[in-house]
Amino acid sequence: GPRTRQALLTASASVTGLLAEMQIDAKAFDDMRLVSFYLPELKGSAWDNVSVRETLDMEVALDFREIYGDPWSDFSQLLNAGGLLGPEPGFTPAPSLNEYLHGVRGQGEHSAQYQYASANVEVIGWIMQRATGKSVAALFAEQLYGGLGAEREALFATDAAGMTVASTGLALTARDWLRLGVMLQQGGQANLNQVVEPRVVEKIFAGGQRRHAMPGREDAPFFSYRGGWHVDHASGAIGAWGIHGQFLFIAPRAKVVVVMQSAHPEPYGPHWGLAEELFQALVEYLNRGL
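Everything numeric here is computed off the predicted structure, so don't read it as measured data.

Description of the overall build of the chain
Argument step 1. Scanning the chain from terminus to terminus reveals 10 helices and 10 strands.
Argument step 2. For the chain, the C-alpha radius of gyration of 18 Å lies close to 19 Å, the compact-globule estimate for 290 residues.
Argument step 3. In terms of overall dimensions, the chain has C-alpha extents of about 55 × 40 × 40 Å along its principal axes.
Argument step 4. Contacts spanning at least 24 positions in sequence make up 63% of the contacts within the chain whose residues lie at least 6 apart.
Argument step 5. When the accessible surface of the chain is split by element, carbon and sulfur atoms take 51% of a total near 12400 Å².
Argument step 6. Distance from the positive charge centre (22 side chains) to the negative charge centre (31 side chains) of the chain: 7 Å.

Following this line, the structure appears as C-alpha cells:
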C-alpha cells in the first residue's frame, strides 16, 4: 500500500552515491584523494592506493564476489557484518562493516574496468561519516529527505557498531522514492526548493566511461556508472537498480520517472532486463506524443 516501506536493497547505493556527490560538491572531502587519506584504517586493504572517485564509480579491482543468493559469497559476508543477514551455522562473521572492509583485498588493476561491489559503497559511507561527522542516515535526513515533502519516515539499517548500512540498508515507500526521482528529473528542485545543486545533478546525468551493458541488454554496452547511478547514454536516462526488483528510472528528456518495488524470488536475472524494456517502451510511447 501507499504507506508500505520497501527495502531498496542494492538500489540504496544510488542514494548513498548522490549524497557523496553532494558532499564532494560542498568540499567536505576531495574525490581525487586516496581513500586511505580519510580512512587510514584501510591501509593494507584493497583501497590502500585507490582514489575516492575510483571507489565511487566502481573502478576498484576487488577480490570480492558480488553473488546474490549464495550464503557464502563475499556479498553475503558483507550483509552478515552489517546485520542484515544471519550467518550460516558455524560461521562467525566480522562484528562490524568497518572490520569486514579491512580484510578485503585487491585483485587486478584499478580503474581498468567497471566492477560492481557493494563493499565500495560501504567505504564511501564511512568516508562521508569521517569527513562530516554525521552518519549517512543523518545526512540523508537533513540534506535530501527533509526537502522532498515525504509522506512517511524512511528507515536506514545500521550494523552493531551503529554504522549506516549504506549499500543495502534504506527502506521507504514507493511514493517517497518517486519524489526523490522527480526531484532529480527537475534538476534538483522539489517543492520550489533547490534540494540538490543543479551541477551535482548534471554531473550524474553526464555519466562516465561507457563500459558495460545491463542484464538482458548485453548487446548494447552503452551504459556507464557515475556516483551510484547507471547512466544510459543512448536515451539520457539514469537508473537505480536493486536486487529482487527495486528500480528507479529517470528520463529527463521525456519527463518520465518510474518506480518499481518488487519481491521477486530471484535477486538478479532476466527480470532486470524486462524492467528496463518496460521503462524504455514507456518513454518511446510518450515521446511519440500518442
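Remarks on the packing of helix H1 (residues 12-25) against helix H7 (residues 136-144)
Argument step 1. Running from amino to carboxyl end, H1 crosses H7 at an angle of 70°, the nearest separation of the two axes being 11 Å. Judged on the interaxial angle alone, H7 and H1 are roughly perpendicular. Taking contact as the criterion, the partners of Val 15, Thr 16, Leu 18, Leu 19, Met 22 and Gln 23 in H1 are, on H7, Val 136, Leu 139, Phe 140, Gln 143 and Leu 144.
Argument step 2. Each residue belonging to the contact of H1 with H7 can be placed in one class, and the counts come to eight nonpolar, three polar and no charged.

Side note on the pairing of strand E8 (residues 237-242)
On any regular strand, side chains alternate: one points to one face of the sheet, the next to the other face.
Argument step 1. With six of its six residues buried, E8 lies for the most part within the structure.
Argument step 2. Across three bridges, strand E7 (residues 229-232) lies against E8 in antiparallel orientation. Counted as the bridge partner of His 230 is Gly 239 from E8.
Argument step 3. Between E7 and the antiparallel strand that follows it, E8, lie four residues; Gly 236 among them carries a positive phi value of about 80°.
Argument step 4. Bridge count for E8 against strand E9 (residues 246-251) is five bridges, and the pairing is antiparallel. Bridge pairing in E9 places Gly 239 opposite Phe 249.
Argument step 5. Hairpin geometry of E8 and E9 is characterised by an intervening segment of three residues between the two adjacent antiparallel strands and by a positive phi of about 65° at His 244.

Focus: the pattern of salt bridges
Argument step 1. Applying the stated criterion across every chain, the model contains 14 salt bridges.
Argument step 2. The residue Glu 142 makes a salt bridge to Lys 134 at a minimum N-O spacing of 2.7 Å.
Argument step 3. A relative accessible area of 35% places Lys 134 in the partly exposed class.
Argument step 4. Salt bridges sharing partners connect three or more residues here, namely Glu 21, Asp 31, Arg 53, Asp 57, Lys 203 and Arg 226.

Structural notes on the nonpolar core
Argument step 1. Counting 86 residues, the largest nonpolar core has Leu 18, Trp 47, Leu 144, Leu 180, Met 183 and Trp 229 as the members making the most contacts within it.
Argument step 2. The contacts of Leu 18, once residues within four sequence positions are left out, are Leu 144, Leu 180, Met 183, Leu 184, Val 196, Val 200, Ile 204, Gly 227 and Trp 229.

Reading the values: the criteria
Throughout this description, residue numbers start from 1 for each chain and increase along the sequence as written. Given that this is a predicted model, residues contribute local features only at a pLDDT of at least 70 and side-chain atom pairs are listed and counted only at 80 or more, while totals for whole chains, interfaces and linings are drawn from all residues. For the side-chain quantities, the full set of heavy atoms in the structure was used; hydrogens and water were omitted. Only DSSP runs of H or I reaching four residues or more are called helices, and only runs of E reaching two or more are called strands; each is numbered from the N terminus. For the radius of gyration, the atom set is restricted to C-alpha positions; the globular benchmark scales as 2.2 Å times the number of residues to the power 0.38. Residue contacts follow a heavy-atom distance rule, with two residues in contact if any of their heavy atoms lie within 4.5 Å. Each accessible area value is a Shrake-Rupley result obtained with a 1.4 Å probe; residue values ignore everything except the protein chains displayed when judging cover. In this tally, Asp and Glu contribute negative charge and Lys and Arg positive charge; neither His nor the terminal groups of the chain are included. Every charge is mapped onto a representative atom, which is NZ of Lys, CZ of Arg, CG of Asp or CD of Glu. Where helices are involved, their axes are fitted lines through C-alpha atoms of the stretch in contact, as for all axes, and angles between N-to-C directions lie from 0 to 180°. Here roughly perpendicular refers to angles of 65 to 115 degrees, roughly parallel to angles under 35, roughly antiparallel to angles over 145, and oblique to all remaining angles. When residues are grouped by polarity, Ala, Val, Leu, Ile, Met, Phe, Trp, Tyr, Cys and Pro land in nonpolar, Asp, Glu, Lys and Arg in charged, and all others, Gly among them, in polar. Note on classification: 1.4 Å probe, protein chains only; a residue is buried when its accessible area is under 20% of the maximum for its type, exposed when over 50%, partly exposed between these limits. If DSSP finds at least two bridges between two strands, the strands pair. Throughout this description, the term salt bridge denotes a Lys or Arg side-chain nitrogen within 4 Å of a carboxyl oxygen of Asp or Glu. Buried Ala, Val, Leu, Ile, Met, Phe, Trp, Tyr and Cys residues form a nonpolar core when they are joined through side-chain atoms within 4.5 Å.

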